[in-house]
Amino acid sequence: MKKNFFNISDLSKEKILSILRINEEIKCLKNKNIGLLFEKYSTRTRLSFTVGISSLGGNTVDIKFEELNISRDESFEDTFRALNCYLDGLVYRTNSHQKLIQASSYFEKPIINALSDTSHPCQILSDLYTLEEHFGSLNVHILWMGDMNNVCFSLCEALNLIENLKLTICTPQSLSKNKKWQFNSNISVVSHIDHIDIQSVNCVMTDVFVSMNDEDSDEKVSLLKPYKVTSELMSKTSQNSIFMHCLPAKVELEVSKEVFQSPKSIVWKQAYNRMIVQKKLLQFIYQ
Ligand code: CP
Ligand code: NVA
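The paragraphs below set out a description of the structure included in this document. (Residues numbered from 1 in each chain as written. Chains lettered and ligands numbered in written order. Predicted model: local features only at pLDDT ≥ 70, side-chain atom pairs only at ≥ 80, totals over all residues. Heavy atoms only, no water.)

1. Some points on the site of ligand 2
Taken together, L115, N149, N150, D207, V208, S211, M212 and L247 make up all the residues around ligand 2. In this structure, D207 approaches ligand 2 through a side-chain N or O atom, which is 2.6 Å from a nitrogen atom. If ligand 2 stood free it would expose 270 Å²; the protein chains cover 95% of that surface. (Near = heavy atom within 4 Å. Polar contact = N/O pair within 3.5 Å; in protein donor to acceptor, adjacent residues only side chain to side chain. Areas by Shrake-Rupley, 256 points an atom, 1.4 Å probe, with all protein chains shown as cover.)

Written as structure tokens, this is what we have:
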């Protein structure tokens, strides 16, 4: 059966844990060509998939969106039907989650969401691995500071499945009130840091204040200024707490340089694990 990976919720808790625990590396992509289609910038996702696919025996095809005939008049439908003629899978980063769903009607092999406007499941699957690797379990209280964006949404989906994790989202009320996300009881949303049991926080996570899809707005940035992760905030969290960021970061905007470069920061471990975990995901899909 074709296995797409658009959202964390495409998987069950059991499947997530079984993917994270794949230890053997099987060359499951031998003689397979995987297309990389990125409508937006990427450093980590593109490179970690390129290297990961190659080490599983596969070949990657870098598809330049602006060079496709879709940039002239070919329809979306025909474009994905054409890609289907040559490729065994697609890693697709798009500005519209809806396009992933549409593409899967015409492209008959697996499609992996490499980030959309509403979801970044590869990042969160990998971050779950990093958390378990660091703490030895998923009994972790995560404090998300800042914008409720695509990464935060995938995190919430993971929390809905993995009940031992606890998530507190600290974001301005005006940014949370329009979000109609479904939350289990292990997720809470607050607008001020004083409303949090900060001593129980093991992991502080953040992301850019303005995502690639967002309108760059000074208003949003100034609204989020008080949500910057600082050393003062980190000092109030549990003694062994860590700082995580999916990257790329705007250092000194959402996080201070001091925290970003501190021993508590495991951002480069996160970046490295993207490749480790995506290889596990590819083995799950192509086994
Ligand atoms: N975290 C992440 O997806 O990074 P890139 O945008 O560099 O791929
Ligand atoms: N929220 C960010 C994540 C980048 C990996 C964005 O969408 O730009």
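2. Observations concerning the sheet that holds strand β2 (residues 59-63)
With parallel pairing, 4 strands are arranged side by side in an open sheet as β2-β1-β3-β4. Whereas interior strands pair on both sides, the edge strands pair on one side only; in this sheet they are β2 and β4 (111-113). Along the sheet, successive strands turn relative to each other by an average axial angle of 20 degrees, direction set aside. For strand β1 (residues 33-38) and strand β3 (residues 89-93), the ladder comprises 5 bridges, and the chain directions are parallel. Within β3, the residue paired with I34 across the bridge is G89. Contacts from helix α3 (residues 76-86) reach β1, β2 and β3 within the one sheet, and its direction differs from that of β3 by about 140 degrees. (Pairing = 2+ DSSP bridges. Helix = DSSP H or I, 4+ residues; strand = E, 2+ residues; numbered from the N terminus. Axes fitted to C-alpha atoms, helices over the stretch in contact; angles between N-to-C directions. Contact = heavy atoms within 4.5 Å.)

3. As for unusual backbone geometry
Cis geometry is adopted by the peptide bond preceding P248, which originates at L247 and carries an omega value of 5 degrees. Topologically, P248 is positioned in the loop between β9 (242-245) and α10 (257-260). Its identity is not glycine, yet N31 carries a phi of approximately 65 degrees, on the positive side. Within the secondary structure, N31 sits in the loop between α1 (13-20) and β1. A residue is classified by how much of its surface remains accessible, and N31, at 72% relative accessible area, is exposed. (Buried < 20%, exposed > 50% of the residue type's maximum accessible area, 1.4 Å probe, protein only.)

4. Some remarks on the site of ligand 1
Lining the immediate surroundings of ligand 1 are S42, T43, R44, T45, R93, H120, Q123, C246, L247 and R274. For ligand 1, an oxygen atom lies 2.7 Å from a polar atom in the side chain of T45. In this structure, R274 approaches ligand 1 through a side-chain N or O atom, which is 3.2 Å from an oxygen atom. Alone, ligand 1 offers 260 Å² of accessible surface; in the complex the protein occludes 96% of this. For the shell around ligand 1, the residue count by class is 2 nonpolar, 5 polar and 3 charged. (Nonpolar A, V, L, I, M, F, W, Y, C, P; charged D, E, K, R; others polar.)

5. Describing the packing of aromatic side chains
Aromatic rings considered in pairs are described by the distance between their centres and by the relative angle of their planes. Using the criterion set out here, one finds 4 aromatic pairs in the structure. Relative to F80, the ring of F76 has its centre 4.5 Å away and its plane inclined at 40 degrees; by these criteria the two rings are tilted. Taken together, the positions of F76 and F80, both in helix α3 and 4 residues apart, correspond to about one turn of that helix. Considered together, F76 and F80 belong to a single accessibility category, that of buried residues. For the pair F80 and Y92, a centre-to-centre distance of 5.5 Å together with 40 degrees between the ring planes defines the contact as tilted. One end of the pair, F80, is in helix α3; the other, Y92, is in strand β3, with 12 residues separating them in the sequence. Each member of the pair, F80 as well as Y92, carries the same accessibility label: buried. By the ring-pair criterion, three or more aromatic residues cluster together here, those being F76, F80 and Y92. Residue placement shows K3 over the ring face of F284; its charged tip is 4.3 Å from the ring centre. (Phe/Tyr/Trp six-rings, centres within 6.5 Å; stacked < 30°, edge-to-face > 60°. Lys NZ or Arg CZ within 6 Å of the ring centre and 35° of its normal.)

6. Observations regarding the pairing of β2
One ladder, built from 5 bridges, connects β1 with β2; its direction is parallel. Across the sheet, the residue bridging to N33 is N59, located in β2. Viewed along the sheet, the connection from β1 through helix α2 (residues 44-55) into β2 turns out right-handed. (Right-handed = clockwise from strand over helix to strand, strands pointing away.)

7. Some details on the pattern of salt bridges
Enumeration over the complete set of coordinates arrives at 11 salt bridges. For the salt bridge of K220 with D147, the shortest nitrogen-to-oxygen distance reads 2.8 Å. With K220 in helix α8 (residues 218-224) and D147 in the loop between β5 (141-145) and α6 (150-161), this pair connects stretches of sequence that are 73 residues apart. With relative accessibility at 15%, the residue K220 sits in the buried group. Members of the salt-bridge network, linked through shared partners, are D147, D214 and K220. (Salt bridge = Lys/Arg side-chain N within 4 Å of Asp/Glu carboxyl O.)

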